[in-house]
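Results of the structural survey
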Amino acid sequence: MIILDNISKTYRQSRGDETTAVRNVSLRIDTGEVFGLIGYSGAGKSTLLRCINLLERPSAGSVIVDGVDLTRLSKRELNQKRRKIGMIFQHFHLLSSATVAENIAFPLRLAKMPAAQVRARVAEMLQLVGLTGYERQYPSQLSGGQKQRVAIARALAAEPSVLLCDEATSALDPETTKSILSLLKDINHQLGLTIVMVTHQMEVVRDICDRVAVMTEGAIVESGRVLDVLLKPSHDVTKRLFQIHQAPLSPTVPSAATRVVEIAFTGATAHDPILAEVAQSTGCTFSILRGTIDTVKDVPFGQLTVAWFGEKTVVDAAIQRLEQAGFILLKEQITDILPQATEVTVSC
Amino acid sequence: MLNGIVWPDIWQATGSTIYMIVISTLLSVVIGLPIGILLYMTAASGLRPNRIVYQVTSVVVNIVRSVPFIILLIALIPFTEWIVGTSIGINAAIVPLVISAAPFFARVAETALREVHPGVIEAAQSMGANVMTIVWRVLLRESWPSILAGVTLTAVALVGNSAMSGVIGGGGLGDLAVRYGYERFQTNVMIVTTIVLIILVQILQMTGDRVVHHFAKRRG
Ligand SMILES: Nc1ncnc2c1ncn2[C@@H]1O[C@H](COP(=O)(O)OP(=O)(O)OP(=O)(O)O)[C@@H](O)[C@H]1O
Ligand SMILES: [Mg+2]
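The rules we used
- Residues numbered from 1 in each chain as written.
- Chains lettered and ligands numbered in written order.
- Predicted model: local features only at pLDDT ≥ 70, side-chain atom pairs only at ≥ 80, totals over all residues.
- Heavy atoms only, no water.
- Helix = DSSP H or I, 4+ residues; strand = E, 2+ residues; numbered from the N terminus.
- Buried < 20%, exposed > 50% of the residue type's maximum accessible area, 1.4 Å probe, protein only.
- Contact = heavy atoms within 4.5 Å.
- Areas by Shrake-Rupley, 256 points an atom, 1.4 Å probe, with all protein chains shown as cover.
- Lys, Arg positive; Asp, Glu negative; His and termini not counted.
- Charge placed at Lys NZ, Arg CZ, Asp CG, Glu CD.
- Expected span 1.5 Å × (residues − 1).
- Pairing = 2+ DSSP bridges.
- Axes fitted to C-alpha atoms, helices over the stretch in contact; angles between N-to-C directions.
- pLDDT = per-residue confidence, 0-100.
- Buried area = accessible area lost by both parts, 1.4 Å probe.
- Salt bridge = Lys/Arg side-chain N within 4 Å of Asp/Glu carboxyl O.
- Polar contact = N/O pair within 3.5 Å; in protein donor to acceptor, adjacent residues only side chain to side chain.
- Nonpolar A, V, L, I, M, F, W, Y, C, P; charged D, E, K, R; others polar.
- Core = buried A, V, L, I, M, F, W, Y, C linked by side-chain atoms within 4.5 Å.
- Domains from an automatic or database assignment.
- Near = heavy atom within 4 Å.
- Left-handed = near helix turned anticlockwise from the far one by under 90°.
- Phe/Tyr/Trp six-rings, centres within 6.5 Å; stacked < 30°, edge-to-face > 60°.

1. Notes on the overall build of chain B
Secondary structure assignment for chain B yields nine helices and zero strands. Listed N to C, the secondary structure of chain B is α-α-α-α-α-α-α-α-α in terms of helices and strands. In terms of its C-alpha atoms, chain B occupies a principal-axis envelope of roughly 70 × 40 × 25 Å. Split into buried and exposed, the 220 residues of chain B put 48% on the buried side. Here the contacts in chain B between residues at least 6 apart in sequence split such that 76% fall between residues at least 24 apart. Surface accessibility of chain B: about 11,000 Å² in total, with carbon and sulfur atoms responsible for 69%. Placing the 13 positive and 9 negative side-chain charges of chain B at their respective mean positions leaves the two points 10 Å apart.

Written as structure tokens, this is what we have:
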């Protein structure tokens with residue numbers, strides 16, 4: 001478990017002015033969870049992440065990892081502790097002069113592991129990241145995704161309990177990003193590793209994080225389970241970061257619609273024909289104006305904009321039924337403020 | 001054209017020059033590398049920033065580097081006598097060579113170390129490496145090809161200076177060129193010594209490039 005207690009980090013500039021990169025952040029990250037830190041560039045995400053292994057010493061506050069306050073350790077003790085906190089970076093930071101095997105062996109040699117054991121452990125790690133046979137290659141001979149795999153193997157070689165990831169997929173193409181994320185997900189499951197991911201990519205949070213904290217100007221402005229934050233973003237930055245890129249609503253919204261609502265559904269509700277059932281049983285009709293379906297950490301998640309037709313009371317009843325069935329009413333759009341239109345477009 | 005050239009003298013002088021270059025290159029590296037590491041470590045962006053240590057070291061290095069070699073050569077005579085016991089002979093010639101080349105090599109090493117990406121050092125720190133480990137297993141290892149290129153650079157610079165140093169100390173190709181070519185008007189000896197020096201530089205450069213290439217070939 002990681003506890004950040006009232007962390008602040010202030011940089012003193014040369015001319016006496018100060019920049020506060022992190023202000024009064026308190027955070028608790030549970031063992032085995034994948035925690036996302038998201039925010040725009042300059043928000044202070046990297047600084048906060050680097051405070052967890054004291055690459056950046058906080059100006060105030062304490063950092064407690066697995067019960068030990070890192071800020072109180074001596075240099076020696078801190079170096080010992082750091083072996084149990086792995087870290088990977090956007091640009092991998094592998095030793096270019098060392099082979100893949102030597103890179104992975106680096107933390108093991110720091111721990112003075114005997115050579116035979118090192119070889120076995122390196123082989124094991126290569127297998128974990130799917131790079132068996134690449135021992136003797138140099139980083140320059142690998143693709144970005146392969147380099148990140150080597151970096152992951154290196155970070156995990158000394159069996160840390162925590163993995164810190166600073167934009168680990170930001171330099172990779174979407175395909176490779178997916179494969180690295182699924183590797184991290186596997187590792188999280190297999191090893192019960194706690195993962196802290198800094199990112200500005202919404203997809204990363206959606207794909208693998210259990211919880212997320214949104215940062216802006218050095219502070220955490222919102223945090224919670226990913227789905228909750230996704231469904232009910234309260235801060236402006238969150239809304240901007242998390243907005244699902246839906247097609248803009250066509251101006252040709254049916255003028256005859258009684259109500260137009262935006263609804264969201266997750267998990268089980270995604271598979272059942274609830275919309276149709278509700279319409280049938282209440283006796284109104286509907287038309288889907290637009291929609292997206294996605295997954296949040298493998299759980300289906302969708303958002304639909306639906307126009308309802310029929311008696312006002314009937315439509316109201318139908319929407320109430322939907323909410324009872326687990327749908328979440330996100331937004332109401334009253335038809336008469338929408339432009340008049342003649343044609344119904346359904347985009348799904 | 002080749003009349004009156006005493007070949008055994010030429011070969012002996014070549015041997016002396018090679019000896020001076022090899023020994024002074026080695027000593028320059030032995031002295032210059034730690035200074036280069038000190039400069040790198042204590043610089044503002046280094047692992048152990050220390051303004052005072054950096055500035056003092058840097059100024060001393062700059063002063064030595066800006067004194068013309070011929071002046072250094074003369075100014076160091078008492079110092080050489082104190083170290084070697086005499087100011088004559090090729091061993092005495094090595095002292096000013098090292099004093100001039102070590103600061104040069106220190107700067108080359110400092111520059112080479114700065115080329116190591118800070119992220120790589122950070123990764124090592126995140127794995128719990130201490131400063132010594134970072135110097136040995138990250139900094140020197142990563143910058144090794146650049147440092148070796150710097151050794152070549154230093155050795156080549158020493159060829160020219162060794163000729164000058166030999167004139168004062170008595171020994172090597174420079175000394176030969178002056179004794180025969182200048183004092184006895186044997187221009188052909190001067191030409192031959194110059195050609196030998198050119199060949200020496202060529203060999204040094206080619207060997208250096210080979211070694212660097214060997215160490216650098218697989219990196220990106
Ligand atoms: N060493 C430093 N000295 C001075 N200011 C710094 C330093 N490191 C970071 N900052 C400042 O702190 C703020 C936060 O930086 P940080 O790198 O943590 O942001 P970030 O959220 O990771 O951004 P990005 O997405 O661009 O990586 C920035 O305004 C930055 O300029
Ligand atoms: Mg960052």
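2. Focus on helix α5 (residues 144-157) of chain A
Given a rise of 1.5 Å per residue, 14 residues ought to cover 20 Å, and the 20 Å separating the end C-alpha atoms of α5 of chain A matches this to within 8%. The element α5 of chain A is extensively covered by neighbouring structure, given that eleven of its 14 residues are classed as buried. Listed in full, the buried residues belonging to α5 of chain A are G145, Q148, R149, V150, A151, I152, A153, R154, A155, L156 and A157 of chain A. The secondary structure elements touched by the buried residues of α5 of chain A are β6 (85-88), α3 (100-110), α4 (115-128), β7 (162-166) and α6 (174-191) of chain A together with α6 (118-126) of chain B. Looking at the residues trailing α5 of chain A, positive phi occurs at E159 of chain A, about 55 degrees.

3. Let's talk about the sheet that holds strand β11 (residues 259-266) of chain A
Residues and elements named next belong to chain A. Spatially, β12-β13-β11-β14 is the arrangement adopted by the four strands of the open sheet, whose pairing is antiparallel. The two strands at the open ends of the sheet, each matched to only one other strand, are β12 (285-296) and β14 (328-333). Neighbour-to-neighbour, the strand axes of the sheet open up by a mean angle of 15 degrees, direction not taken into account. With eight bridges joining them, β11 and strand β13 (residues 299-309) adopt antiparallel strand pairing. The partner of V260 across the bridge, within β13, is A307. Packing against the sheet, helix α10 (residues 274-282) makes contact with β11, β12 and β13, and its axis sits at approximately 155 degrees to β12.

4. Things to note about the environment of L184 of chain A
Residue and element names in this part refer to chain A. Relative to the helices and strands, L184 is located in helix α6. Between the C-alpha atoms of L184 and V34, which are 150 residues apart in sequence, the distance is 9.4 Å. Apart from residues lying up to four places away in sequence, L184 is in contact with I152, L163, C165, I195, M197 and I208.

5. A closer look at the confidence of the model for chain A
Caution applies to low-pLDDT regions: their predicted coordinates should not be interpreted in detail. Residues and elements named next belong to chain A. Scored by pLDDT, chain A comes out at a mean of 88, with 92% of its residues at no less than 70. Confidence, read as mean pLDDT per element, is least for β14 in chain A (77) and greatest for β7 (97). In the predicted structure, residues 336-348 sits below a pLDDT of 50 and forms 29 contacts with residues beyond four places in sequence or in another chain.

6. Concerning the interface of chain B and chain A
Facing 21 residues of chain B, the contacting portion of chain A comprises 25 residues. Where chain B abuts chain A, roughly 2,100 Å² becomes buried across the two surfaces, and 55% of that area is made up of carbon and sulfur atoms. With its nearest N and O atoms 3.0 Å apart, the salt bridge here joins R141 of chain B to E102 of chain A. Along the contact surface separating chain B from chain A lie seven residue pairs in polar contact (both at pLDDT 80 or more). Elements represented by at least two residues in the side of chain B that touches chain A include exactly α6 and α7 (131-169) of chain B. Tallied by class, the residues present in the side of chain B that touches chain A amount to six nonpolar, eight polar and seven charged.

7. Considering the nonpolar core
All names here are of chain A. Counting residues in hydrophobic clusters, the biggest one holds 54 residues, and the most contacted among them are I104, I152, L163, L184, M197 and F242. Ranked by residue count, the leading element in this core is α5, at seven residues. Among the domains, domain 1 (2-237) and domain 2 (259-346) are the pair contributing at least three residues each to this core. Not counting chain neighbours up to four residues away, the residues in contact with M197 comprise V34, F35, G36, L37, C165, L181, L184, V204 and I208. Among the nonpolar cores identified, the runner-up in size contains 31 residues, and I52, L54, V63 and V162 belong to it.

8. What to know about the site of ligand 1
All names here are of chain A. Around ligand 1 lies a shell formed by Y11, Q13, A21, Y40, S41, G42, A43, G44, K45, S46, T47 and E167. Between an oxygen atom of ligand 1 and a main-chain N or O atom of A43, the distance comes to 3.1 Å. Contact distances for ligand 1 include 2.6 Å between an oxygen atom and a side-chain N or O atom of S46. Relative to its unbound accessible area of 630 Å², ligand 1 is 61% covered by the protein chains. Here the element with the most residues in the shell around ligand 1 is helix α1 (residues 45-52); it accounts for three residues. Class assignment for the residues of the shell around ligand 1 results in four nonpolar, six polar and two charged.

9. Details of the packing of α10 of chain A against helix α11 (residues 312-324) of chain A
Residue and element names in this part refer to chain A. Two elements in contact, α10 and α11, have axes whose closest approach is 10 Å; the angle formed by their N-to-C orientations is 145 degrees. The way α10 lies across α11 gives a crossing that is right-handed. Here I274, L275, V278, S281 and T282 of α10 come into contact with α11, specifically with V314, A318, R321 and L322. Class assignment of the residues belonging to the contact of α10 with α11 gives a composition of six nonpolar, two polar and one charged.

10. So, the packing of aromatic side chains
Using the criterion set out here, one finds four aromatic pairs over all chains in the structure. Consider the rings of F265 of chain A and F327 of chain A, whose centres lie 5.6 Å apart with planes at 50 degrees: the pair is tilted. With F265 of chain A in strand β11 and F327 of chain A in the loop between α11 and β14, this pair connects stretches of sequence that are 62 residues apart. F327 of chain A matches F265 of chain A in its accessibility class, with the two residues each being buried. Centroid distance F79 of chain B to W82 of chain B: 6.0 Å. Interplanar angle 40 degrees. Geometry classified as tilted. One end of the pair is F79 of chain B and the other is W82 of chain B, both in helix α4 (residues 77-84) and three residues apart, which spans about a single turn.

11. Looking at the sheet that holds strand β4 (residues 60-65) of chain A
Within a sheet, neighbouring strands are paired by backbone hydrogen bonds and run either parallel or antiparallel to one another. All names here are of chain A. Strand order in the open sheet formed by four strands is β2-β1-β4-β5, with antiparallel pairing between adjacent strands. With one partner strand each, in any of the chains shown, β2 (18-29) and β5 (68-69) form the two edges of the open sheet. Here strand β1 (residues 2-12) runs beside β2; their pairing, made up of eight bridges, is antiparallel. Opposite Y11, over in β2, you have T19 as the bridge partner. Across the face of the sheet, α1 comes into contact with β1, β2 and β4 while running at roughly 120 degrees to β1.

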